[in-house]
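Architecture at a glance
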Amino acid sequence: MTDTVFTRSGGWIPWVVREDGELRLVLGAGADANHEPRTFTFPIGAAHLPVIRESLARHLLLWSALVPLCDAAGTRGDLDQDAAVALLDPILLSAPVEVDALFRRIRWDRSRLVAHGADTDLLERGQVYEAMRTATERPDERQAQEYQADRRRAERGMVLGPLDAQILRYTGQYVHGATIPRRMPDAVDPALLPRVLRVIATAERASAGMRIGLDPRRGRRATDRRDWDRMAAVVDAAVRRAYPELVDDAVRTVSFLLCSEAADRSRDAPTDDDGEAADGRRDDDGEAADGSAGKAALSFTDDRGDGQQWSAGGPRTASAAFWEFVADRSAADNEVFTVEDEERGEGIQLHFYADSIARITTVRPGEGESDPQYRVEYSLVDGIAGYRDLVRAFVRGGCAALDQHGPWTSDVAEFERTRRRRDARA
């Protein structure tokens, strides 16, 4: 039979039970193979119970020292009960100076103590017993997370100043730098909020008018990495110039915030607004909206043989329809896409894996048993923006409209040498 003898109200602090007449300490720590919490118990003496009951500081210190033993047990192992019992007297019954000495020799869970209000300055100086004078039963996990984040920064040689810390709290990235940033003014010290907002305003002025487009080669919501890097560099430079005292983490979180917001605006915009003009869209006379002849019908294909037809007069521009086709199908093993105007006998083939393109023009159509003859010319492409320009130009004016986007060559060997030289410089 098991009876609870003593428990505290805060979190997972170990509790005392009486089992078949024996006092035992129970604590939950770690997880099993199914990610369920594990519970460990071991015997304690009658002299230990009143100390656990009366001294929150010693109770928490014992817990901190026991956690590494639970971690060592893993998902299936047993608690080393001899090691656990050996901690009882030194922590619960020894003088404070001896407790401090013990904690300089053993492993212990610092974050548990910080979460329960330990004085972090005293902890850092090795005065663990004195540090627990401010302890509370109720834990503050956020406090422990921030403390661990500061320790990780210290390992990188970085110490946050007051403004650095408030900027990171404003973006919600104080604890985890990989968290998607957002604006959280309520998390900032009101006295420092105006200074934080001035930093953000500096970044906004520097990046005004910049945008981060989508990159359908990587899916429907993927962003253009070049646009992102370009905007981040502009913001970083402006903030560092205006606030040279800020540490890297603070500057980086500002650029991450501005870039994330710009990327979200592109993701939320209609596809036709993603850098597209009204290419291929015809007015009542059959002319393209920009005054050029445009295309009446086009076919899109990918490297797997899937295809799609587009016709003028529909709800989507040709370019928007094509890039949606790419976003739905592009993958590591599907990186060649074609836009073809069968009526005019011309098309373009986009090679995403090589940042290159081929334009294909029918020189002589096939007649009888003779095969058609084609002229194939190649050119390098500068990222997704370059691909968008080429697709837009082809939709509006066919292969002839691509002349200005060259140089073009039909010499495959020479083109491959040029491509390798470019890749070697990258």
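Each helix and strand counted, the chain has 15 helices and 10 strands in total. Taking 22 Å as the expected radius of gyration for a compact globule of 426 residues, we find that the chain reaches 33 Å, considerably beyond that expectation. Seen through its principal axes, the chain has C-alpha atoms that stretch 105 × 55 × 45 Å. By residue count, 46% of the 426 residues in the chain fall in the buried class.

So, on to the sheet that holds strand β6 (residues 307-311). With respect to topology, six strands assemble into an open sheet ordered β6-β5-β7-β8-β9-β10, the strand pairing being antiparallel. The strands lining the two open edges of the sheet, one partner per strand, are β6 and β10 (373-380). Strand-to-strand twist across the sheet, computed as the mean angle between neighbouring axes with direction ignored, equals 20 degrees. When strand β7 (residues 336-341) meets strand β8 (residues 346-351), the two strands line up antiparallel, connected through six bridges. When the sheet's bridge partners are listed, Asp 341 is paired in β8 with Glu 346. Its contacts with the sheet put helix α14 (residues 383-397) on β5 (297-302), β7, β8 and β9 (356-364), and the angle it makes with β8 is roughly 170 degrees.

Here the focus is the sheet that holds strand β3 (residues 22-31). In space, the four strands of this open sheet follow the order β1-β2-β3-β4, with antiparallel pairing throughout. Looking along the sheet, the strands with just one partner apiece sit at the ends: β1 (2-6) and β4 (37-43). Averaged over neighbouring strand pairs, the angle between their axes works out to 40 degrees when direction is ignored. Across six bridges, the pairing between β3 and β4 is antiparallel.

This next bit is on the nonpolar core. Within the largest apolar cluster, 48 residues are counted, with the highest numbers of intra-cluster contacts made by Phe 42, Leu 61, Leu 66, Ile 91 and Phe 103. Looking at this core element by element, the count peaks at 12 residues for helix α2 (residues 56-73). Aside from chain neighbours lying at most four places away, what touches Phe 42 is Leu 23, Arg 24, Leu 25, Leu 27, Leu 66, Leu 79, Gln 81, Ala 84, Val 85 and Leu 88. In terms of nonpolar packing, the next biggest core, distinct from the first, is built from 31 residues, Val 188, Val 199, Cys 259 and Ala 263 among them.

So, on to the confidence of the model for the chain. Low pLDDT marks stretches whose predicted atomic positions should not be read closely. Within the chain, residue pLDDT values average 90, and 93% of them lie at 70 or more. Per-element confidence in the chain ranges from a low mean pLDDT of 88 for β3 to a high of 98 for helix α10 (residues 193-206). pLDDT under 50 marks residues 273-293. Its contacts with residues more than four places away, or in other chains, come to 51 contacts.

Residue Pro 407 follows Gly 406 across a cis peptide bond; omega there is 10 degrees. Summarising the element assignment, Pro 407 is placed in the loop between α14 and α15 (412-425). You will see that Asp 20, though not glycine, has its phi angle at about 50 degrees, which is positive. Mapped onto the fold, Asp 20 is located in the loop between β2 (15-19) and β3. Residue classification places Asp 20 among the exposed residues on the basis of a relative accessible area of 65%. In this structure, Asp 355 is a non-glycine residue whose phi angle is positive, near 50 degrees. Its location among the elements puts Asp 355 in the loop between β8 and β9.

The relation between two aromatic rings is expressed through the spacing of the ring centres and the mutual angle of the planes. Following the criterion strictly, the structure yields 10 aromatic pairs and no others. Relative to Phe 322, the ring of Phe 300 lies with its centre 5.3 Å away and its plane at 70 degrees, an arrangement referred to as edge-to-face. Of this pair, Phe 300 sits in strand β5 while Phe 322 sits in helix α13 (residues 318-329), and the two are 22 residues apart along the sequence. Classification of Phe 300 as buried rests on a relative accessible area of 1%.

What counts and how
Residues numbered from 1 in each chain as written. Predicted model: local features only at pLDDT ≥ 70, side-chain atom pairs only at ≥ 80, totals over all residues. Heavy atoms only, no water. Helix = DSSP H or I, 4+ residues; strand = E, 2+ residues; numbered from the N terminus. Rg over C-alpha atoms; globule rule 2.2 N^0.38 Å. Buried < 20%, exposed > 50% of the residue type's maximum accessible area, 1.4 Å probe, protein only. Pairing = 2+ DSSP bridges. Axes fitted to C-alpha atoms, helices over the stretch in contact; angles between N-to-C directions. Contact = heavy atoms within 4.5 Å. Core = buried A, V, L, I, M, F, W, Y, C linked by side-chain atoms within 4.5 Å. pLDDT = per-residue confidence, 0-100. Phe/Tyr/Trp six-rings, centres within 6.5 Å; stacked < 30°, edge-to-face > 60°.

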